[in-house]
Each structure stands twice: as structure tokens, then as C-alpha cells.
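Below, each chain spelled out in residue letters.
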Amino acid sequence: MRESYDIAIIGAGVCGCAAAFELSKYDVSLILIEREPDVSMGTTKANSGIIHAGFDAEPGTLMARYNVKGAQMMPGLAKALSVEYRQIGSLVVAFDEQDQKTLRKLYGRGTENGVKTEIIGKERLHQLEPNLSDSAVEALFAPEAGIISPWDLCLAFAETAVKNGCELMLDSSVTGMQMENGRWNLEIGEKTVRARCVINAAGLYADKIAAFANAEKFEIKPVKGQYYLLDRSQGAVFSHVVFQCPSPAGKGVLVSPTVTGNLLVGPDAVEQRSRTDLDTDKNALSHIRERADTDTGVVNYRENIRNFAGLRAYSDHSDFIIGPDKKAENFINIAGMKSPGLTSAAAIALDMPDMVRGFGLELKPREKVVTTRKKVRFASASENERRTLIAKNPAYGRVVCRCCTVTEGEVLDALHSPIPPATLDGVKRRCGTGMGRCQGGFC
């Protein structure tokens, strides 16, 4: 490990890892610093996994700009990085006249943002989603919305960056920083990491990092969202992402398939003080279920295999907080990354090289750069592909997770990957072990 770098990125969520992925294409020394023992451990780990089309964001905002660009990038990125992604489209459903007015407002925003949308009537709506409640009268259809594995996208960015020479420092909390002789000194336990430029992508702790740097002040407000994750037996209830009309509290409860074939229901949105409390609550989950039952009454909640909660990094700004800070020298914020932060991450990363150049750093493209990743997924492989894999390595023929058909070979791949897992949960995120109906009981 070096003592000094050109660029230090604080936070290995999807925004920090996307920035590392993009900057690692250049001949610079780069380090990615994360307080947790793995990447994607904060907001990235526990969200809806939705690639939003971009009709909801206020035109002219950073949210609108980056959301639309990020959604356009995702099909190509997911293919190049072997990330599970499906462009299934989304529906915002109206149940009364007030909802219909909201749909028209969203349609206008989408048109201004350059997003392909249309308002469809009851007959077509119920043809698309036969299990939708009969009281649904209209919907805004956005065919370019999609679903993705958020932690695998984050991991793909990080692994590719590491292959390009980015150093990764896990289990490392930044506890202070000072500018000295044109370089930042980052205090990390007993170590000091020096960097010419710092990118603050610290998620729920971004305001703390900004305060260490004496940057412009902002406040992160954690908002908890809780979910039901239902078994694959419920995965075909809807074939699109189904949203309720948004309100000041957020985009509302959604019901959506996942890329693994499950059904996701949630979240709510409850502001809280704690940045670590991920407990679920029976009353909150009951409220989510009641709201989701407005969309459909056919979900069998006895097939629920997991409840979980995630924290979103809302801020005291209405828009994303992105760009070079006006007070702190050579310091960039990527903060306040609430929805559509996941969708926007790759597009935000595209702007990082020019922002860094603004500090006087010369960025020359690397002569040999990795921009792709290949990942084996035995469960979705064809019979011929499976035979080839097993012939190459018999470990692919030994299933260790029956529910999700994950093989020993895939676990070994994870253990020998550029960022090997340090915990069983890390194996779970990389391979899918323990994510099926039995939740690890028979793995």
C-alpha cells in the first residue's frame, strides 16, 4: 500500500465504486476507502433495485440529468459487466381523479426530461397486469425502466477498478482530515493516507466527511424503508415494476419482480436519527402490506421469506449534492443520493474525470484498461453451457444451494475474485447462496 495517491474516494457504495470504475481507466494512483468489511454495505445493499426511467425528477435538476443518462447507460453496462438486469418497464398506477392529475404531471416531466412514456387506459393496463386491482383506472407506462441487482452492480464496478490498479481499503473509517502542502491527510485509525484530491461518496456519513474537510455544510437525514421479499412462487404476480402515485413522502410502496425471480413489496419512508438502525417493525410492515393491497390482493404473504430494511441518505437539499466544493480545496461531493441514486451512479461517474482535471491533475488514459467482467451463473446457463463448465471444473457440478442452484464452483470463483468476501454474507451477495426459500437452511 502506498502512502500518497492522486485521488482518494471515501465510500464504496454504488456511487463511490462507479467513480472508481471510471477513474481507474486513467493513469492515476487511486484508492477507495470503506468503513465496512465489504463494498455495497450501506444504502446500496438494501434498496429496491429499480432502474428508474427518469420521468419523476424535476426537469433541470441534477437528479433529472443523471437519472435519464444513467438509465440509458444501464443496458450496455450491465451486459459488459455481467450484471443481472432486465428492462421490464414500469407502471405508475392511478386509482382516482387526483392520481390521474399526478400522472399527467409526471408525463409532462418525462416529456421535458426526454423520457419515453405514455398514459394508458384501464383496458390496456389490465391486459399488461391482469392481477392488478380492478379499481386501477389508468397508468403512466415507462418501457425503459428496469430491475437490477444493486450489490452486484456495485461489486462489478469495484472489481473492475481493482483490476485497473485501484487499491481498496476496507474496514477503514476516516476519522479526520487536514489539508497540508496541497494534499489531504486522511486519518484512518493509526494510518494516514495522503491524496491530492478527495471524492466524498460516504452515503449516510457524507455530511460528517464534509465537516472534517471544512466544506460547505449540509445535513444527511437517514430515512428507513422496510420490505417484504417473497418466494419465487410469487414472482409472476406482476411482470412490470408497479408504483403507486408519488407523494411528498416518496415514490410510495411498489410491488416488483426481482432479477432473481422473487417479488419485492415496499418500502415505507420513515425519517430517523440513527444511521445504523436496520431493525424491522411489525406495525410498519403491516402498513406496507395494507398499502400494497391497494394494487393487488393476490400476493400470498405466507410465501414471505425475508423482511429487511435499508437506510436512504436524504439531505436538507432537494437535489443531489454533486461537484467540487466551494470551500474545501480539491474536494468533490457525491452526496444526498436518495432515489434515483442507483440509476444515476454510472452517469455521475462520467463527470468525475473533468472535475478532477479542474484541480490540475493530468488524466491520461491507461494503455491497457479493463472495462468488462465475466461471471458464471450456473442456474441461468443452458444445458450445453453447464456441461462445458463441469468439464472445465467439476466443482460446477456440485450444487451447494438447492433453492437457487448455486454451485461450489461459483463459491470458489468468489473466493478467488479481485475482492474476495470476508464473511458468509459476502459470499451470499456474490453468489446468491442462502437467498432462496430456505434462507440457508439446506445450503
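Being a predicted model, the structure only gives us computed values, none of them experimental.

Calculation notes
- Residues numbered from 1 in each chain as written.
- Predicted model: local features only at pLDDT ≥ 70, side-chain atom pairs only at ≥ 80, totals over all residues.
- Heavy atoms only, no water.
- Helix = DSSP H or I, 4+ residues; strand = E, 2+ residues; numbered from the N terminus.
- Rg over C-alpha atoms; globule rule 2.2 N^0.38 Å.
- Buried < 20%, exposed > 50% of the residue type's maximum accessible area, 1.4 Å probe, protein only.
- Contact = heavy atoms within 4.5 Å.
- Areas by Shrake-Rupley, 256 points an atom, 1.4 Å probe, with all protein chains shown as cover.
- Phe/Tyr/Trp six-rings, centres within 6.5 Å; stacked < 30°, edge-to-face > 60°.
- Lys NZ or Arg CZ within 6 Å of the ring centre and 35° of its normal.
- Axes fitted to C-alpha atoms, helices over the stretch in contact; angles between N-to-C directions.
- Left-handed = near helix turned anticlockwise from the far one by under 90°.
- Nonpolar A, V, L, I, M, F, W, Y, C, P; charged D, E, K, R; others polar.
- Pairing = 2+ DSSP bridges.
- Disulfide = S-S within 2.5 Å.

**Q** Any details on the overall build of the protein? Residues and values, ideally.
**A** Per the secondary structure count, the protein includes 12 helices and 22 strands. Taken over the C-alpha trace, the protein has a radius of gyration of 22 Å; the compact-globule value for 443 residues is 22 Å, and the two agree within 12%. A principal-axis box enclosing the C-alpha atoms of the protein has dimensions of 65 × 55 × 40 Å. Residues counted as buried form 56% of the 443 residues belonging to the protein. If you take every contact in the protein between residues at least 6 apart in sequence, the share linking residues at least 24 apart comes to 73%. With the model as given, the accessible surface of the protein reaches about 19,400 Å², and the carbon-plus-sulfur share is 47%.

**Q** Could you give an account of the packing of aromatic side chains, with specific residues and numbers?
**A** Within this structure, the stated rule accounts for 4 aromatic pairs. Measuring from centroid to centroid gives 4.7 Å for Tyr-227 and Phe-308, while their planes differ by 15°, and the two rings are stacked. Remark: Phe-308 occurs in strand E18 (residues 304–315) and Tyr-227 occurs in strand E13 (residues 220–230); sequence separation between them is 81 residues. You can call Tyr-227 buried: its relative accessible area is 3%. Both rings, one in Tyr-228 and one in Tyr-301, keep their centres 5.0 Å apart while their planes meet at 70°; by these two values the pair is edge-to-face. One end of the pair, Tyr-228, is in strand E13; the other, Tyr-301, is in the loop between helix H7 (282–292) and E18, with 73 residues separating them in the sequence. By relative accessible area, which is 9% here, Tyr-228 ends up buried. Arg-2 extends its terminal NZ or CZ atom over the ring of Tyr-5, reaching a point 5.7 Å from the ring centre. Here the basic side chain of Arg-275 rests over the ring of Tyr-205, its NZ or CZ set 5.9 Å away from the ring centre.

**Q** Give a description of unusual backbone geometry that names residues and reports values.
**A** At the junction of Gly-266 and Pro-267, the peptide bond is cis and its omega measures out at -5° in the coordinates. Turning to its location among the elements, Pro-267 is positioned in the loop between strand E16 (263–266) and strand E17 (270–271). Despite not being glycine, Ser-82 shows a phi value in the positive range, around 55°. For Ser-82, the location among the structural elements is in the loop between helix H2 (62–80) and strand E4 (85–86). Positioned with a positive phi, Thr-405 is a non-glycine residue whose angle comes to about 50°.

**Q** Please give an account of the packing of helix H1 (residues 14–23) against helix H5 (residues 150–163) that cites residues and values.
**A** Interaxial distance between H1 and H5 falls to 8 Å at its minimum, and their mutual angle equals 30°. The hand of the H1/H5 crossing is left-handed. Taking contact as the criterion, the partners of Val-14, Cys-17, Ala-18, Ala-20 and Phe-21 in H1 are, on H5, Leu-153, Cys-154, Phe-157, Ala-158, Thr-160 and Ala-161. Tallied by class, residues from the contact of H1 with H5 come to 10 nonpolar, 1 polar and no charged.

**Q** If you had to explain the pairing of strand E20 (residues 331–335) to someone new, which residues and values would you point to?
**A** Consecutive side chains of a regular strand alternate in pointing toward one face of the sheet and then the other. Of all the 5 residues making up E20, 5 are buried; the element is thus mostly covered by neighbouring parts of the structure. Covered by surrounding structure in E20 are Phe-331, Asn-333 and Ala-335 together with Ile-332 and Ile-334, the residues of both alternating faces. Note that strand E12 (residues 191–200) and E20 share 3 bridges and pair parallel. Along E20, the bridge assignment pairs Val-198 with Phe-331. With 4 bridges joining them, strand E19 (residues 321–324) and E20 adopt antiparallel strand pairing. When the bridges of E20 are listed, Gly-323 appears paired with Asn-333. Following E19, the chain reverses through 6 residues before pairing antiparallel with E20; Asn-330 in that reversal takes a positive phi of roughly 55°.

**Q** If you had to explain H1 to someone new, which residues and values would you point to?
**A** Here H1 lies mainly inside the structure; 10 of its 10 residues are buried. Residues of H1 that are buried: Val-14, Cys-15, Gly-16, Cys-17, Ala-18, Ala-19, Ala-20, Phe-21, Glu-22 and Leu-23.

**Q** Any details on the side chain of Ser-344? Residues and values, ideally.
**A** One can find Ser-344 in helix H8 (residues 341–350). The exposure class of Ser-344 is buried, given its relative accessible area of 0%. Contacts of Ser-344, omitting those with residues within four sequence positions, involve Met-63, Tyr-66, Asn-67 and Phe-320.

**Q** I'd like to hear about the state of the cysteines, residue by residue, with values.
**A** This model, assessed by the stated rule, comprises 0 disulfides. Summary of cysteine pairing: Cys-166 is not part of a disulfide, and the nearest cysteine sulfur, belonging to Cys-17, is at 8.4 Å. On the basis of relative accessible area, Cys-166 is assigned to the buried category, the value being 5%. Looking at Cys-438, it has no disulfide partner, and the nearest cysteine sulfur is the one in Cys-403, 3.7 Å off.

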